[in-house]
Amino acid sequence: MTARNDVLENGLIDWVPLERIHWYVSNEHKGQPSATIQSKVVDLITELVAEGLFVLGDTTGPGGTFAPWNVPLSAALARIDDVYVKNFDDANTWGWAVWLDLTDRGRPVAEKLNAEWLASQSDS
């Protein structure tokens, strides 16, 4: 599995926090410096959002629900840079400050990946 696939499949279950994305990328690139992992995380988020597969936001909606950031991608990435890259030592904050929500466009992509993974498990 790739970090990209893991994020997509996780999106079928719930919103995906930055902490989980970081964990998937870290596992895919074990032993890499933090700055490299961060760069790959930001690149992955950028790809997923630019492709329309996810929406960026946080959980500041009513009752802790997902609230999309209705800002251009560049502004959202600036927020991520501020909370995640510049304040990386504060994992208790950045891990839960950014979330991805799977879109209607992303759902079939994630479902296909999940079906392929399930089929590969029954073959073993």
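Quick notes on the rules
- Residues numbered from 1 in each chain as written.
- Predicted model: local features only at pLDDT ≥ 70, side-chain atom pairs only at ≥ 80, totals over all residues.
- Heavy atoms only, no water.
- Helix = DSSP H or I, 4+ residues; strand = E, 2+ residues; numbered from the N terminus.
- Rg over C-alpha atoms; globule rule 2.2 N^0.38 Å.
- Buried < 20%, exposed > 50% of the residue type's maximum accessible area, 1.4 Å probe, protein only.
- Contact = heavy atoms within 4.5 Å.
- Areas by Shrake-Rupley, 256 points an atom, 1.4 Å probe, with all protein chains shown as cover.
- Lys, Arg positive; Asp, Glu negative; His and termini not counted.
- Charge placed at Lys NZ, Arg CZ, Asp CG, Glu CD.
- Salt bridge = Lys/Arg side-chain N within 4 Å of Asp/Glu carboxyl O.
- Patch = residues over 30% accessible without salt bridge, like charges linked within 9 Å, V, L, I, M, F, W, Y side chains within 5 Å.
- Pairing = 2+ DSSP bridges.
- Phe/Tyr/Trp six-rings, centres within 6.5 Å; stacked < 30°, edge-to-face > 60°.
- Lys NZ or Arg CZ within 6 Å of the ring centre and 35° of its normal.
- Polar contact = N/O pair within 3.5 Å; in protein donor to acceptor, adjacent residues only side chain to side chain.

Peer 1: Please clarify how the overall build of the protein chain should be interpreted in this entry.
Peer 2: Along its length, the protein chain carries six helices and four strands. What you see in the protein chain, going N to C, is helices and strands ordered as α-β-α-α-β-β-α-α-β-α. A compact globule built from 124 residues would reach a C-alpha radius of gyration of about 14 Å, and the protein chain, at 15 Å, matches this within 12%. Classification of the 124 residues of the protein chain by burial places 37% in the buried group. For the protein chain, the share of sequence-separated contacts (at least 6 apart) that also reach a separation of at least 24 residues comes to 66%. Carbon together with sulfur atoms contributes 52% to the accessible area of the protein chain, which is approximately 6800 Å² in total. Mean positive and mean negative side-chain charge positions of the protein chain (9 and 18 charges, respectively) differ by 3 Å.

Peer 1: How do you make sense of the side chain of Asp6 when you look at a structure like this?
Peer 2: Mapped onto the secondary structure, Asp6 falls in helix α1 (residues 3-11). For Asp6, which is buried and forms no salt bridge, the nearest opposite charge comes from Arg20, at a distance of 8.3 Å. Leaving out residues up to four positions away in the same chain, Asp6 has contacts with Met1 and Tyr24.

Peer 1: Where do I start with a nonpolar patch on the surface in this structure?
Peer 2: A surface patch of nonpolar side chains, about 310 Å² in accessible area, is lined by Met1, Trp117 and Leu118. Tracing the chain through its elements places Met1 in the segment before α1.

Peer 1: Explanation requested: the pairing of strand β4 (residues 99-102) in the structure shown.
Peer 2: Consecutive side chains of a regular strand alternate in pointing toward one face of the sheet and then the other. For strand β1 (residues 16-17) and β4, the ladder comprises two bridges, and the chain directions are antiparallel. Residue pairing in the sheet places Pro17 in a bridge with Trp99 of β4. As judged from the four bridges shared by strand β2 (residues 54-58) and β4, these two strands associate in the antiparallel manner. When the bridges of β4 are listed, Phe54 appears paired with Leu102.

Peer 1: In this structure, what is going on with α1? I would like to understand it.
Peer 2: Because the α-helix completes a turn every 3.6 residues, residues three or four places apart line up on one side. Taking burial as the measure, the nine residues of α1 include eight buried ones, the bulk of the element. Turning to α1, its buried residues are Ala3, Asn5, Asp6, Val7, Leu8, Glu9, Asn10 and Gly11.

Peer 1: Which parts of the structure should I look at to understand the packing of aromatic side chains?
Peer 2: Both the distance between ring centres and the angle between the ring planes are used here to describe each pair of aromatic rings. Evaluation of the coordinates by the stated rule reveals seven aromatic pairs. For the ring pair Trp96 and Trp99, a centre distance of 5.9 Å and an interplane angle of 40° mean the geometry is tilted. For Trp96, a relative accessible area of 45% translates into the label partly exposed. Each residue in the set Trp15, Phe66, Trp96 and Trp99 is aromatic and connected to the rest through ring pairs, giving one cluster. Cation over ring: Arg20 sits above Trp23, and NZ or CZ is 4.8 Å from the ring centre. Seen from the ring of Trp69, Arg79 lies directly overhead, with NZ or CZ sitting 4.5 Å from the centre.

Peer 1: What am I meant to see in the sheet that holds β4 here?
Peer 2: One key point about sheets: their strands pair by backbone hydrogen bonds, in either a parallel or an antiparallel sense. The strand order across the open sheet built from four strands is β1-β4-β2-β3, with neighbouring strands paired in antiparallel fashion. Of all strands in the sheet, those with a lone pairing partner are β1 and β3 (67-68), marking the two edges.

Peer 1: Is there a simple way to think about the side chain of Gln38 in this case?
Peer 2: Relative to the helices and strands, Gln38 is located in helix α3 (residues 34-50). Exposure remark for Gln38: the relative accessible area of 8% places this residue in the buried category. One polar contact links the side chain of Gln38 to the main-chain carbonyl oxygen of Tyr84, over a distance of 3.2 Å.

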